[in-house]
Amino acid sequence: MTRQIGFVLLLISSNWIHCHCFAAADFKAPVNHKPSFHNCGEYKPTLKEEQEPGTTVLRVTATDQDQAQTIKYSIANETRQEQLFAIDEDTGEIFSEYIFDRDPPYRDTEFYITVRATDNGQPNLDDVCTIKVTILDINDNPPVFDKDYYDAFVSMNTTLRQQVTIITVKDIDDETNNVVNFEIVQEYKDDSYFEIDQRTGVLTLAKRIDRNPGEYYALRVRAYNQGCIENESDSPEVDVKVHIINADKRLPYFTKVPEVPVILHENFTAFQQVLAVFEANSNINNESNIIFKIVRGKFEQTNSMNTFLLEQIENTAHIRLAGALDFERVTEYTITVRATNRHDLATEAVVKIMILDVNDNIPVIIKDVSYLQYELKDNSPVFQIHAYDLDGTSTNNIISYSIAESNQLHFTIDSHTGTVTKQNRLFDDKKDIYFIKILAKDNAPSALFRNDKPNMSSHTLIVKIINRDLNIIPQNAITNIHRQDQRTSNGISFQNGLRISKSYEERDIFNDRFIMVHNYEGTLTDKLIGSVYFDYDIEDNSNKLFLWDERASTGTRKHFKLNSKSGVITMLNGTPEEIYNLEFTVIEESSYFPRHNVSARVTVTVKNISAKTVNQSGSIRFYNVTAETFISQTLGELNTPMYRLQQSIASILDTSPDQVDIFTINNRKLARGAFLDVFFAVDDTIYTSSEVLNAVLSLHLRQLE
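The name an unreviewed UniProt entry assigns to the protein chain is Cadherin domain-containing protein, from the organism Anopheles quadriannulatus. Under the Subcellular location (unreviewed entry) heading, UniProt states for the protein chain: "Cell membrane".

This is the structure:
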């Protein structure tokens, strides 16, 4: 190829730096090809759950036409706090760095990783490949019996093949790995008297009773999976005793049981509806009374949480719903109903209740990164966002990504992988700061909002272009000054001018401010809540004009008043509880810069605080910390100390940071020094008193500090 080489003449004037570039002679330069993943679309790796870190996933290969160059591999945009995968930079071998668990409650099913191959040419060129890794279920959970032992009763005249009892188990593995079989262990002399259904666990009489009342038969039942249990050596076993009773004391028997499973959607709430009907006969002459009850098992799947209740009307039992259903927690219930007669003899029957998934979970975006610096490079991804959906089936939990229409001119996103890349127009744009609104939505109509639209969540990513100035002033233009202290006509050195310009660009990150306003019992009147955050190190507002941006809606603006000279924001009386995004334009003009518009945004969250919330609040005292420091964003930190404290409290209490409200901060001075009292409330927690809340947090003081 032919490359144009030029020289640069730099002229210094009073207000501008001018750069004039002239074309020079042509010469032949070697071609630098970029590496390429030719087989990217063919990579479909799988990884079994519970594998130790260091397990090989696959090996990727990129090629480069420049045979003298070498390729280095890396994983791009790893955003989770714990790294999930790693790659050998020389061989391209990808291996795990995390122990995945496909079973509840973690449900690790699939992950996307973006691999970059970079050559060592001048300049460095790269290619990227996004790969989906599917986590496979293994049979790593043995069946668990619902009881520690089983007692059953049969009379002397019980007929062959009559049901004696039902053995129930639970296996949390997925798909074919949770199919349980039953067998009677052939090590007791009594095992030949009974048979067990291999699939259902129903124990029946196989030989006639030959023992007297008061005696019993002892046997042992084993539960096992169809496949081998990969991390367990033995299948579980349970003891069963079958007690013999007098022939004149006959067992009751069911005359009506559900013949098919009951099927409910997880958002079913018709608590008065009868779901299943049982009827039984006491089997006592001239005595028809029978007592029904639900046998509570050890697991939620066997009604340990009283999700279902039984209502008896004469000799009929009705099963109704008594609590909330959640497919992501329990997909199937086995409800055992016991019928007991006057002789205190009982028989049992079961009904299966199957739960169907609905789209009742909103995608959760992993917000590990809210701000990043990005260097304009060919074919380099900007960011890869990760989200997950806790719905239990692929009908409702497949996530697709998009970006707001206002960002589509400069950025695009892969709808499947969440990889954000730049558009070519980004090179021609003048801005250095971009607010990219990323949307993650699932794949079915929402069962929460019932609006025929999927559930959706969003995350705003702030991207700062760090080499935008190199597209305006070539790098060698600065070196041509030979480090001389060039002066402009107004006495400002050229080096200082560059320094001021750079600090001006760095301040763009502070154009986003978040303000929390708590309205106690609705008593708040017009209140100054803060100002537009535009500069960090320049306090002179005399050359600035603050205006509402045309994007700010009328509905939002009517609740706030802006001082155009100072940038101070007043929230007006009667502003309802909501999150408000205030958009502003700050116009600045100085002797160092031409007239310049800066976009600024203030997010105001208004929350109502009740007297009950205040009475149940917690408090923390920090020494040698001022209120101004606590709420201020400082250089080198993306979030304020107040925000970081909210995150820490939420982490300790296992709740969302949105549920932690810091509603009062109070500076105080005593003889022993100054301190800051921070009062906070937690909306979603089991700790409902100040004393318990403070006691729990006192165990984590170092983390909070």
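The rest of the description comes next.
1. A closer look at the sheet that holds strand β21 (residues 276-281)
Spatial strand order, β19-β21-β24-β23: four strands in an open sheet with antiparallel pairing. Among the strands making up the open sheet, the edge pair consists of β19 (253-256) and β23 (308-313). On average, each strand axis in the sheet is inclined to that of its neighbour by 35°, with strand direction left out of account. Judged from the four bridges that link them, β21 and strand β24 (residues 316-321) form a sheet pairing that is antiparallel. Its bridge partner lying in β24, glutamate 279 is registered against threonine 316.

2. Looking at the confidence of the model for the protein chain
Per-residue pLDDT for the protein chain averages 78, and the proportion of residues at 70 or more is 80%. When the criterion is pLDDT under 50, residues 535-539 qualifies, and its contacts beyond four places in sequence or with other chains add up to 12 contacts.

3. Topic: the packing of aromatic side chains
Tallying each qualifying case throughout the model produces 12 aromatic pairs. Between the aromatic rings of phenylalanine 411 and tyrosine 434, the centroid separation amounts to 5.4 Å while the plane-to-plane angle is 75°, which identifies the pairing as edge-to-face. A residue pair is termed long-range when its members are at least 10 positions apart, and phenylalanine 411 in strand β32 (residues 411-413) and tyrosine 434 in strand β34 (residues 433-445) qualify at 23 residues. Judged by relative accessible area, phenylalanine 411 falls into the buried class, the value being 2%. A relative accessible area of 3% places tyrosine 434 in the buried class. By the ring-pair criterion, three or more aromatic residues cluster together here, those being Phe85, Tyr98, Phe100 and Phe111. Over the aromatic face of tyrosine 193 sits the side chain of lysine 207, whose NZ or CZ is 4.5 Å from the ring centroid. Positioned above the aromatic ring of tyrosine 216 is the side chain of lysine 241, whose terminal nitrogen or guanidinium carbon lies 4.7 Å from the ring centre.

4. Regarding a nonpolar patch on the surface
Where nonpolar side chains cluster on the molecular surface, the patch consists of Ile362, Leu448 and Phe449 and spans about 280 Å² of accessible area. Examined against the element boundaries, isoleucine 362 turns out to sit in the loop between β26 (346-356) and β27 (364-365).

5. Quick notes on the environment of isoleucine 138
Tracing the backbone through its elements, the reader meets isoleucine 138 in the loop between β9 (126-136) and β10 (144-145). A relative accessible area of 2% means that isoleucine 138 is categorised as buried. When the C-alpha positions of isoleucine 138 and aspartate 103 are compared, they lie 9.3 Å apart, and in sequence the two are 35 residues distant.

6. A word on the nonpolar core
Core analysis: the biggest nonpolar cluster contains 26 residues, and Leu264, Phe278 and Phe308 have the highest contact counts within it. Contributions of two or more residues to this core are made by β20 (262-265), β21, β22 (291-295), β24, β25 (332-340) and β26. With residues up to four places along the chain from it excluded, the contact list for leucine 264 reads Leu275, Phe308, Leu325, Ile353, Met354, Ile355 and Leu356.

7. Focus on the state of the cysteines
Overall, the coordinates contain one disulfide when judged by the stated rule. Across the disulfide from cysteine 40 sits cysteine 129; the S-S distance is 2.0 Å. With the S-S bond torsion at 95°, the cross-link from cysteine 40 to cysteine 129 turns out right-handed. Separated by 89 residues along the polypeptide, cysteine 40 in the loop between β2 (17-28) and β3 (46-48) and cysteine 129 in strand β9 bring together distant segments of the chain.

8. Details of the sheet that holds strand β28 (residues 371-374)
The strand order across the open sheet built from four strands is β28-β35-β34-β31, with neighbouring strands paired in mixed fashion. Each of the sheet's edge strands pairs with one partner strand only, and the pair in question is β28 and β31 (400-403). Looking at each pair of strands side by side, their axes are set apart by 35° on average, direction ignored. Note: β34 against strand β35 (residues 454-465), 10 bridges, orientation antiparallel. Bridged to isoleucine 438 within β35 is histidine 459.

Calculation criteria
Residues numbered from 1 in each chain as written. Predicted model: local features only at pLDDT ≥ 70, side-chain atom pairs only at ≥ 80, totals over all residues. Heavy atoms only, no water. UniProt positions renumbered as here; feature names shortened; annotations may be inferred. Pairing = 2+ DSSP bridges. Helix = DSSP H or I, 4+ residues; strand = E, 2+ residues; numbered from the N terminus. Axes fitted to C-alpha atoms, helices over the stretch in contact; angles between N-to-C directions. pLDDT = per-residue confidence, 0-100. Contact = heavy atoms within 4.5 Å. Phe/Tyr/Trp six-rings, centres within 6.5 Å; stacked < 30°, edge-to-face > 60°. Buried < 20%, exposed > 50% of the residue type's maximum accessible area, 1.4 Å probe, protein only. Lys NZ or Arg CZ within 6 Å of the ring centre and 35° of its normal. Patch = residues over 30% accessible without salt bridge, like charges linked within 9 Å, V, L, I, M, F, W, Y side chains within 5 Å. Areas by Shrake-Rupley, 256 points an atom, 1.4 Å probe, with all protein chains shown as cover. Salt bridge = Lys/Arg side-chain N within 4 Å of Asp/Glu carboxyl O. Core = buried A, V, L, I, M, F, W, Y, C linked by side-chain atoms within 4.5 Å. Disulfide = S-S within 2.5 Å.

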